[in-house]
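What follows is each chain in one-letter form.
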Amino acid sequence: MWHAAGCPYEHAAALAESPDPDDKLTALAGLDALGAEPLARLVRSELRHLGVRHIPRGPLAATRDNPAGLTERQLQVVRLLAQGLTNPEMAERLVVSVRTVDNHVAAVLEKLGARSRREAAARATELGILPGCES
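Residues numbered from 1 in each chain as written. Predicted model: local features only at pLDDT ≥ 70, side-chain atom pairs only at ≥ 80, totals over all residues. Heavy atoms only, no water.

Draft legend 1. Highlighting unusual backbone geometry. The phi dihedral of valine 95 is positive, around 55°, even though this residue is not glycine. For valine 95, the location among the structural elements is in the loop between helix 6 (87–94) and helix 7 (98–112). When its relative accessible area of 71% is taken as the criterion, valine 95 is described as exposed. (Helix = DSSP H or I, 4+ residues; strand = E, 2+ residues; numbered from the N terminus. Buried < 20%, exposed > 50% of the residue type's maximum accessible area, 1.4 Å probe, protein only.)

Draft legend 2. The nonpolar core, seen in detail. Counting residues in each nonpolar core, the largest one holds 21 residues, and the members touching the most others are Val78, Leu81, Met90, Val108 and Leu112. Of all the secondary structure elements, the ones that give two or more residues to this core are helix 5 (72–82), helix 6, helix 7 and helix 8 (117–126). Residues in contact with leucine 81, not counting those within four places in the same chain, are Met90, Val105, Val108, Arg117 and Ala120. Core analysis: the next-biggest nonpolar cluster, separate from the first, contains 13 residues, Ala12, Leu28, Leu47 and Ile55 among them. (Core = buried A, V, L, I, M, F, W, Y, C linked by side-chain atoms within 4.5 Å. Contact = heavy atoms within 4.5 Å.)

Draft legend 3. Focus on the side chain of glutamine 74. Considering the arrangement of structural elements, one finds glutamine 74 in helix 5. If we skip the residues at most four places from it in the chain, glutamine 74 touches Gly69, His104, Ala107, Val108 and Lys111.

Draft legend 4. Region of interest: the packing of helix 5 against helix 8. For the pair helix 5 and helix 8, the least separation of the axes is 9 Å and the interaxial angle reads 115°. Classified by the angle their axes make, helix 5 and helix 8 are roughly perpendicular. For the pair helix 5 and helix 8, the sense of crossing is left-handed. Of helix 8, the residues touching helix 5 (which contributes Val78, Leu81 and Ala82) are Arg117, Ala120, Ala121 and Ala124. Partitioning the contact of helix 5 with helix 8 into residue classes produces six nonpolar, no polar and one charged. (Axes fitted to C-alpha atoms, helices over the stretch in contact; angles between N-to-C directions. Parallel < 35°, antiparallel > 145°, perpendicular 65-115°, else oblique. Left-handed = near helix turned anticlockwise from the far one by under 90°. Nonpolar A, V, L, I, M, F, W, Y, C, P; charged D, E, K, R; others polar.)

Draft legend 5. Representation of the environment of threonine 125 within the structure. Relative to the helices and strands, threonine 125 resides in helix 8. Taking relative accessible area as the criterion, threonine 125 reaches 33% and is therefore assigned partly exposed. Between the C-alpha atoms of threonine 125 and alanine 82, which are 43 residues apart in sequence, the distance is 9.3 Å.

Bear in mind that shape data such as this cannot, by itself, settle questions of function.
Here's what the structure looks like:
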């Protein structure tokens, strides 16, 4: 009901009340995405009490402070995107697999609401994540 109404916090809060750990984990993901730290802490505590072993720790402060919610690695990827590097070139620089870079690029595009690499770089510049051109 809340999800269909476009109320993500209320949807996550309703899921958090479920006794099902899977519902609580889904709620936690939504709460972390919204930055709803007080309820997220409570849900983490309830999950620990239920014996759930793998509880996501939530975004780090640097990720929360980033205007697009990019992680440190995603910031590195967007900088390399702006330089015009291909995924294999990024993989070599970051010392990870091309598949890992593919995942990072997809996450960056999604978080920036971009359909292309060029659009992602432009959006990152607009948000102040990348330095703009000085005239």
